[in-house]
Amino acid sequence: MGLICWPKEPIDDSDIALLIGILRRWCEKNRIHLTATESLAKAKDLVEWFEFGVKDPDELEGLINE
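Report follows, based on the coordinates. (Residues numbered from 1 in each chain as written. Predicted model: local features only at pLDDT ≥ 70, side-chain atom pairs only at ≥ 80, totals over all residues. Heavy atoms only, no water.)

## A closer look at the side chain of Asp15
Link 1 in the chain: Mapping Asp15 onto the fold places it in helix α1 (residues 13–30).
Link 2 in the chain: Not counting residues within four places of it along the chain, the set of residues in contact with Asp15 comprises Pro10 and Phe50. (Helix = DSSP H or I, 4+ residues; strand = E, 2+ residues; numbered from the N terminus. Contact = heavy atoms within 4.5 Å.)

Below, the structure is given as structure tokens:
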């Protein structure tokens, strides 16, 4: 996989709170500990989607549940 560089806006506290909330709900739904390997992979995916431009919480929840 190649490296893609583009100007990104910094992720602020409210963005982090949003992403953590989505990840926590996913963990609870799937009965996975927040620090488990699967959870860390989902967290990485969430940040990547967010940085790519997906900002809608419902859309992010849909993507994490795929």
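## Observations concerning the pattern of salt bridges
Link 1 in the chain: If you walk through the whole model with that rule in mind, you get two salt bridges.
Link 2 in the chain: Its salt-bridge partner being Arg25, residue Glu61 comes within 2.6 Å of it at the nearest N-O pair. You can see Glu61 sitting in helix α3 (residues 57–64) and its partner Arg25 sitting in helix α1, a full 36 residues away along the chain.
Link 3 in the chain: Lys44 serves as the salt-bridge partner of Glu48, at 2.6 Å between the closest nitrogen and oxygen. Of this pair, Glu48 and Lys44 both sit in helix α2 (residues 37–52), four residues apart, roughly one helical turn. (Salt bridge = Lys/Arg side-chain N within 4 Å of Asp/Glu carboxyl O.)

## Remarks on the environment of Pro57
Link 1 in the chain: Of note, Pro57 is situated in helix α3.
Link 2 in the chain: For the pair formed by Pro57 and Leu19, sequence separation is 38 residues and the distance between their alpha carbons is 8.3 Å.
Link 3 in the chain: The contact partners of Pro57, leaving out residues within four places of it in the chain, are Leu18 and Ile22.

## Overview of the environment of Val47
Link 1 in the chain: Take Val47: it is sitting in helix α2.
Link 2 in the chain: Distance in space between the C-alpha atoms of Val47 and Ile11 is 9.0 Å, their sequence separation being 36 residues.
Link 3 in the chain: With residues near it in sequence (within four places) discarded, Val47 still touches Ile11 and Leu19.

## Side note on the packing of α2 against α3
Geometrically, a packed helix pair is captured by the angle between its two axes and the distance between the axes.
Link 1 in the chain: Closest axis-to-axis distance for the α2/α3 pair is 10 Å, and the angle between their directions is 140 degrees. Relative to α3, the element α2 lies oblique. Read as a crossing pair, α2 and α3 show a hand that is right-handed. Only Leu60, Leu63 and Ile64 of α3 make contact with α2, whose side of the interface consists of Lys42, Leu46, Trp49 and Phe50. (Axes fitted to C-alpha atoms, helices over the stretch in contact; angles between N-to-C directions. Parallel < 35°, antiparallel > 145°, perpendicular 65-115°, else oblique. Left-handed = near helix turned anticlockwise from the far one by under 90°.)

## Some details on the nonpolar core
The nonpolar side chains of soluble globular proteins are, as a tendency, buried together.
Link 1 in the chain: Grouped together as the largest cluster of nonpolar side chains are eleven residues: Leu19, Ile22, Leu23, Trp26, Cys27, Leu46, Phe50, Val54, Leu60, Leu63 and Ile64.
Link 2 in the chain: Elements represented by at least two residues in this core include exactly α1, α2 and α3.
Link 3 in the chain: Sort the elements by how many residues they give to this core and α1 lands first, with five residues.
Link 4 in the chain: In contact with Val54, not counting residues within four places along its chain, are Trp49, Glu59, Leu60 and Leu63. (Core = buried A, V, L, I, M, F, W, Y, C linked by side-chain atoms within 4.5 Å. Buried < 20%, exposed > 50% of the residue type's maximum accessible area, 1.4 Å probe, protein only.)

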